[in-house]
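Tertiary structure, described
Read off the chains here:
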Amino acid sequence: MPVPRARTGRPDPAEPTWEIREEGLGHRALADLESVFALANGRLGVRGTLEEGGVSGNPGTYLNSCYEEYDLNYPENGYAFPEQNQVLVGVPEGTRFRLFVDDQPVEPTAGGTHRHERVLDLRDGTLRRSFGWTADSGAAVEVRSTRLVSFVHPGVLAIRYEVVAADRPVRIRLHSELRANPALPERDSDDPRAPSVLERPLLPLRHSVDGLGGLLGHQTRRSGQRIVATVTHLLDGARAEADVDTGPDLVRVAVEAELAPGQRLRVTKLVGYAWSGQRPFDELVAEATTALAEATRRGWAGLRADQRGYLDRFWDDADVVVDGDPQLQQAVRFGLFHVLQASARAGQRPLPAKGLTGNGYDGHTMWDAETFVLPVLTYLRPEAAEAALRWRHATLDRARQRAGELRLAGAAFPWRTIDGRECSGYWPAGSAALHVNADIAAAVLRYVAATDDLAFLRDAGLELLVETARLWNRVGHHDDAGGFHIDGVTGPDEYTALGNDNLFTNVMARHNLLGAVAAAERLPERARQLGVEPAELSAWRRAAEAMHLPYDAERGVHQQCAGFTALEEWDFAGTRSDEYPLLLHYPYLELYRRQVIKQADVVLAMQHCAELFTREQKARNFDYYHRRTVGDSSLSASAQAIIAAELGHLELGYAHLADSALQDLHDFPEQSRDGLHVAALAGVWLALVAGFGGLRDQGDELAFAPRLPAALTRLEFSLRWRGHRLRVTVTGDSATYLLRDGTDRDGTDQDGTDRDGTDRDGTDEAGIRLRHHGTALHLRPGRSRRLPLPALPDPGPEPPAPPGRAPRRRPAGKPVTAIRPAGSDADEAAPPPARPGPAAPVPG
């Protein structure tokens, strides 16, 4: 009997899980929703602000690596303290349309608004918006807009804005603006994760008018970043008069029209951007002008078609199907969409922690890019992973310089940065977090294993591995018995600092050292060019093999760092719910000397270096640290979900998965106001694929050990491996592995033999090898294999969490619903006018 045809990743237009919909207009969650509805492509990002202005949360348009810098001031300075911070700055904004109806300004948050709706379409890559508005005069209009940030034309923002008269004639004035240095909302925050605010960071260089648009040129004051923004407009519909004026920070196109009932005014606005810290200004003008000309040539319909085609190809490779939980299905697609938006056209630039959805963490990239985002990109879009790693390689000289400042060898990559220089002024959680070097090395090793890209390994990868290995060989030391120790460092858990033998750091450094040895032996000539001698390789191997992994024999668990299990316990029972996150309510001195965990640390070590732990050790470690992890980091839940699933605590893993997946889509407590948690969104894919799909990359082969929680009836995902496309489909009792390679044929019987009767594991070496719950498989292109799932061993009692910090349990099969923000009262501001006739379709 043939295996049923696998579902493709192409979107089903009938599924509401392909969109994020907001109904009504809330005042209290504007900033969070600006992040949710942000559009980006890795180079250009535009927050989901309301076009008409008025009240806003945290507006901004950003270009990757376009930053300003300022001096860090220390009351008590110290040797090798970072000297400057870098801050992602807002560039000229092109989303603004100031609308006047019978001379009254339309401000949707100020009243007169009804039927307000926004839709982020994950298939089309657009943000659609519509609402009705009634003026004091009684004149009513319907307003519709659609915007996109192009994946195909990476410097282009396009907006179609349409106004339709309802049941009486109206006079319309529309001011479309391209504005630099806008006034920013006042903000009072003691949260160290909040962005720095720089007033008027851009100095004007040039402004001009060109047809129904113009150009703005600016430069940052200190960092020397030059930005060019160009804009043009296309008008159709009602007869209109237009005028253009410009100033140092503004290009404004004013359009006036008289609309009869049912008549529309439609404006298509195209904005082109170019920027650089090195290239001549006139070259940037030419680039931005060319981008705008190409967008104009393609037109609105062409830009929409390009966007849809790009996303159809992406979803065909990347979509994850989750049957049984529509809400989770929607969240998974939302997360993948934003991971794509953070990386698609970034090129050799960093992947900021918030992507380009906001300026949180000042737009810095951090360790979570390599640890959470790059694994996803390696298996879905390896070219984007390669580009991110080549950016790290491009900053290698600065990492070497930093290592020299710290009196270390090799390279010391920064904890927080935009251009490769360390920006974290807090030493214990910044410069002491040396594990970032091993995180980068692990990303290199994973990418090379998944792609077998020897050109990358020769050009950039080996040098990254060598220089990070040299750091560990210098920072660590052998004790009298020969054990290798790394002292005075901070691991992923920021509630414990400057510890000796942090477990995560040690196991990742070991992986780094052994990976560097293997890569150098694979490319000996290139290794010699990098000055690697046989004695150095021997020293790395000896250090790795002697790496100390702290263990508490009395409790039977590995220690997060030496002595951790002997620290005083945190008083969880005496901690109020409003005192979380703890870092905003307790001094670090209180946190550092107690057993309380912000970010899953030992759990992450077991995820990434699973071969170093027995199943029994994993179970005891997970139980011990789950009881002490408060989840104040958005990154904890996915790691906990993965290990919980591996150990058979499927419902606990499912709850952690949902916590990770839904944190940016529900209960907006302003935690997303400065941008989305891109690494946590990537962690959702990891939790599904590595958790319930059981994926482990073991050198030259993939291993899977899939199991599903009760609520899920089907999990389907795809990944790339050495030029092949593998699709995995998991149900409650079996898993099917299909090697697609573009053929998408079903050529195997359920017993795993080819239809010609030959055994799948024959002598034909085409295809890939993998393991299913330990059973070796050999898949050939266009063929599939279906295997049963073994019985689940008894995992024992479910580990508890600290009081009040357990993941929320959700009812299974909860349907997708629209977002209705708290404070949403705009629908009651005025009665709806008569709806316009068929002359007012949603813009194309």
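Every value quoted in this text rests on a predicted model; they were computed, and no experiment measured them.

**Regarding the overall build of the protein**
- In terms of regular secondary structure, the protein is built from 17 helices and 34 strands.
- Of the contacts formed within the protein by residues at least 6 apart in sequence, a portion of 71% connects residues at least 24 apart.
- For the protein, the exposed surface amounts to about 30,200 Å²; the carbon and sulfur share of it is 48%.
- Measuring between centres, the 97 positive side-chain charges of the protein sit 3 Å from its 117 negative side-chain charges.

**A word on the sheet that holds strand β33 (residues 775-779)**
- One open sheet holds the four strands; their spatial order is β27-β28-β32-β33, and the pairing between them is mixed. Two strands close off the open sheet at either side, each with one partner strand: β27 (696-698) and β33. Going from strand to strand, the sheet's axes swing by 30° on average, the running direction of each strand aside.
- Looking at chain direction, strand β28 (residues 701-704) and strand β32 (residues 768-772) are connected through three bridges and run parallel. Looking at the pairing, Ala703 lines up with Arg771 of β32.

**What about the packing of helix α7 (residues 435-451) against helix α8 (residues 454-475)?**
- Viewed as axis vectors pointing N to C, α7 and α8 meet at an angle of 150°, and their least axial separation amounts to 9 Å. With respect to α8, the axis of α7 lies roughly antiparallel. Viewed along their axes, α7 and α8 form a crossing whose handedness is left-handed. For the pair α7 and α8, contact is made by His435, Asn437, Ala438, Ala441, Val444, Leu445, Tyr447 and Val448 and by Phe456, Leu457, Gly461, Leu464, Leu465, Thr468, Leu471 and Trp472, respectively.
- Taken together, the residues of the contact of α7 with α8 break down into 12 nonpolar, four polar and no charged.

**Re the environment of Ala682**
- For Ala682, the position within the fold is in helix α17 (residues 678-692).
- Relative accessible area serves as the criterion here: at 1%, Ala682 is assigned to the buried category.
- Beyond its immediate stretch of four places on either side in the chain, Ala682 contacts Val339, Phe372, Val373 and Val376.

**Side note on the nonpolar core**
- Val101, Phe704 and Leu726 are the most contacted members of the largest nonpolar core, which has 214 residues in total.
- Looking at this core element by element, the count peaks at 13 residues for α17.
- In contact with Phe704, not counting residues within four places along its chain, are Gly693, Gly694, Leu695, Phe717, Leu719, Leu726, Val728, Tyr737, Leu770, Arg771, His772 and His773.

**Side note on the confidence of the model for the protein**
- For the protein, the mean per-residue pLDDT works out to 90, and 90% of the residues sit at or above 70.
- In this model residues 1-11 is a low-confidence stretch, pLDDT under 50, and it forms 36 contacts with partners more than four residues away in sequence or in other chains.
- Considering only residues more than four positions removed or in separate chains, one finds that residues 742-764, a stretch of pLDDT under 50, has 55 contacts.

**With respect to the environment of Ala441**
- Locating Ala441 in the fold gives a position in helix α7.
- On the basis of relative accessible area, Ala441 is assigned to the buried category, the value being 1%.
- As a C-alpha pair, Ala441 and Leu513 span 72 residues in sequence and 9.0 Å in three-dimensional space.
- If we ignore the near neighbours within four places in the chain, the residues touching Ala441 are Leu465, Thr468 and Asn512.

**Let's talk about the sheet that holds strand β7 (residues 97-101)**
- Strand order in the open sheet made by the five strands is β8-β7-β13-β18-β17, with antiparallel pairing throughout. This sheet does not close on itself; its edge strands, each paired only once, are β8 (104-105) and β17 (240-247).
- Relative to strand β18 (residues 250-259), strand β13 (residues 170-179) is paired through 10 bridges, and the arrangement is antiparallel. Within β18, the position partnered with Arg179 by the bridge is Leu250.

**Quick word on the packing of aromatic side chains**
- What the rule picks out here adds up to 18 aromatic pairs.
- Summarising the aromatic geometry, the rings of Tyr379 and Trp685 are spaced 6.3 Å apart at their centres and angled 20° between planes, so their arrangement reads as stacked. Highlighted residues: Tyr379 in helix α4 (residues 367-380) and Trp685 in helix α17, separated in sequence by 306 residues. Each member of the pair, Tyr379 as well as Trp685, carries the same accessibility label: buried.
- An aromatic cluster of at least three residues, connected via ring pairs, comprises Trp367, Phe372, Trp415 and Phe504.
- Lying across the ring of Phe97, Lys269 places its NZ or CZ 4.7 Å from the centre.
- The ring of Tyr624 carries Arg628 above its face, with NZ or CZ at 3.7 Å from the centroid.

**A word on the pattern of salt bridges**
- Inspection of every chain in the model, using the stated rule, returns 76 salt bridges.
- Glu34 is paired through a salt bridge with Arg47; the nearest N and O atoms lie 3.1 Å apart. A residue pair is termed long-range when its members are at least 10 positions apart, and Glu34 in helix α1 (residues 30-36) and Arg47 in the loop between β3 (44-46) and β4 (61-63) qualify at 13 residues. A single burial state applies to Glu34 and to Arg47, both of which are buried.
- Measuring nitrogen to oxygen at the nearest pair gives 3.9 Å for the salt bridge that ties Arg144 to Glu162. In this pair, Arg144 is assigned in strand β11 (residues 140-149) and Glu162 in strand β12 (residues 156-165), connecting sequence segments 18 residues apart.
- Judged by its relative accessible area of 13%, Arg144 is buried.
- On the accessibility criterion, Glu162 (0% relative accessible area) is buried.
- If you follow the salt bridges from partner to partner, you end up with Asp316, Asp317, Arg381, Glu383, Arg720, Arg725 and Arg740 in one network.

**A word on a negative patch on the surface**
- Negative charge collects at one region of the surface, where Glu241, Asp243, Glu256 and Glu258 lie side by side.
- Residue assignment for the negative patch shows that the elements contributing at least two residues are β17 and β18.
- Note on placement: Asp243 falls in strand β17.

**A few points about unusual backbone geometry**
- The peptide bond linking Tyr580 to Pro581 adopts the cis configuration, its omega dihedral lying at -5°.
- Within the secondary structure, Pro581 is located in the loop between β25 (568-569) and α12 (588-592).
- Unlike most non-glycine residues, Asp103 shows phi in positive territory, near 70°.
- Relative to the helices and strands, Asp103 is located in the loop between β7 and β8.
- For Asp103, a relative accessible area of 46% gives the class partly exposed.

**What about helix α15 (residues 636-646)?**
- Along α15, 10 of the 11 residues are buried, which leaves the element largely enclosed by surrounding structure.
- A positive backbone phi angle near 95° is found at Gly648, which sits one or two residues after α15.

**Some remarks on the pairing of β32**
- A one-sided burial pattern is seen for β32, the buried positions being Ile768, Leu770 and His772 and the unburied ones Arg769 and Arg771.
- Taken together, the five bridges between β32 and β33 define a ladder with antiparallel strand orientation. If you follow Ile768 over to β33, its bridge partner there is Leu779.

**Overview of the packing of helix α3 (residues 326-343) against helix α16 (residues 650-662)**
- Between α3 and α16, whose axes approach to 9 Å, the crossing angle comes to 50°. In terms of orientation, α3 lies oblique with respect to α16. Note on packing geometry: the crossing formed by α3 with α16 is left-handed. In this structure, α3 contributes Gln327, Leu328 and Ala331 to the contact, and α16 contributes Tyr654, Leu657, Ala661 and Leu662.
- Here the contact of α3 with α16 is built from residues that sort into six nonpolar, one polar and no charged.

Analysis parameters
- Along each chain, numbering runs from 1 in the same order as the chain's sequence is written.
- Per-residue local features are limited, in this predicted model, to residues with pLDDT of at least 70; the limit for side-chain atom pairs, both in listing and counting, is 80 or more; totals at the level of whole chains, interfaces and linings are taken over all residues.
- Calculated side-chain values reflect all of the structure's heavy atoms, with hydrogen atoms and water omitted.
- Only DSSP runs of H or I covering at least 4 residues are called helices, and only runs of E covering at least 2 are called strands; the numbering of each starts at the N terminus.
- Here, residues are in contact when the closest pair of their heavy atoms is within 4.5 Å.
- Only the protein chains shown count as cover for residues, and all accessible areas are computed by the Shrake-Rupley method using a 1.4 Å probe.
- Under the convention used here, Asp and Glu are negative, Lys and Arg are positive, and both His and the chain ends fall outside the count.
- To locate a charge, take NZ of a lysine, CZ of an arginine, CG of an aspartate or CD of a glutamate.
- Two strands qualify as a pair provided DSSP detects at least 2 bridges between them.
- To get an axis, fit a line to the C-alpha atoms, keeping to the stretch in contact for a helix; angles then go from 0 to 180 degrees between the N-to-C directions.
- Put simply, angles under 35 degrees are roughly parallel, angles over 145 are roughly antiparallel, angles from 65 to 115 are roughly perpendicular, and the rest are oblique.
- Each crossing gets its handedness from the near helix: less than a right angle anticlockwise from the far helix is left-handed, clockwise is right-handed.
- Three categories are distinguished: nonpolar for Ala, Val, Leu, Ile, Met, Phe, Trp, Tyr, Cys and Pro, charged for Asp, Glu, Lys and Arg, and polar for the others, with Gly belonging to the last.
- The rule is simple: take the accessible area with a 1.4 Å probe, protein chains only, and divide by the maximum for that residue type; under 20% is buried, over 50% is exposed, in between is partly exposed.
- We define a nonpolar core as any set of buried Ala, Val, Leu, Ile, Met, Phe, Trp, Tyr and Cys residues linked to one another through side-chain atoms lying within 4.5 Å.
- pLDDT expresses, on a scale from 0 to 100, how confident the predictor is about each individual residue.
- Ring pairs shown here join Phe, Tyr and Trp side chains whose ring centres sit within 6.5 Å, with only the six-membered ring taken for Trp; geometry is labelled stacked below 30 degrees between planes, edge-to-face above 60, and tilted in between.
- We call a charge positioned above a ring when the Lys NZ or Arg CZ atom is no farther than 6 Å from the ring centre and deviates by at most 35 degrees from the ring normal.
- Here, a salt bridge means any Lys or Arg side-chain nitrogen found within 4 Å of an Asp or Glu carboxyl oxygen.
- Exposure above 30% relative accessible area and no salt bridge define the residues that can form patches, which grow by joining like charges within 9 Å and nonpolar side chains of Val, Leu, Ile, Met, Phe, Trp and Tyr within 5 Å.

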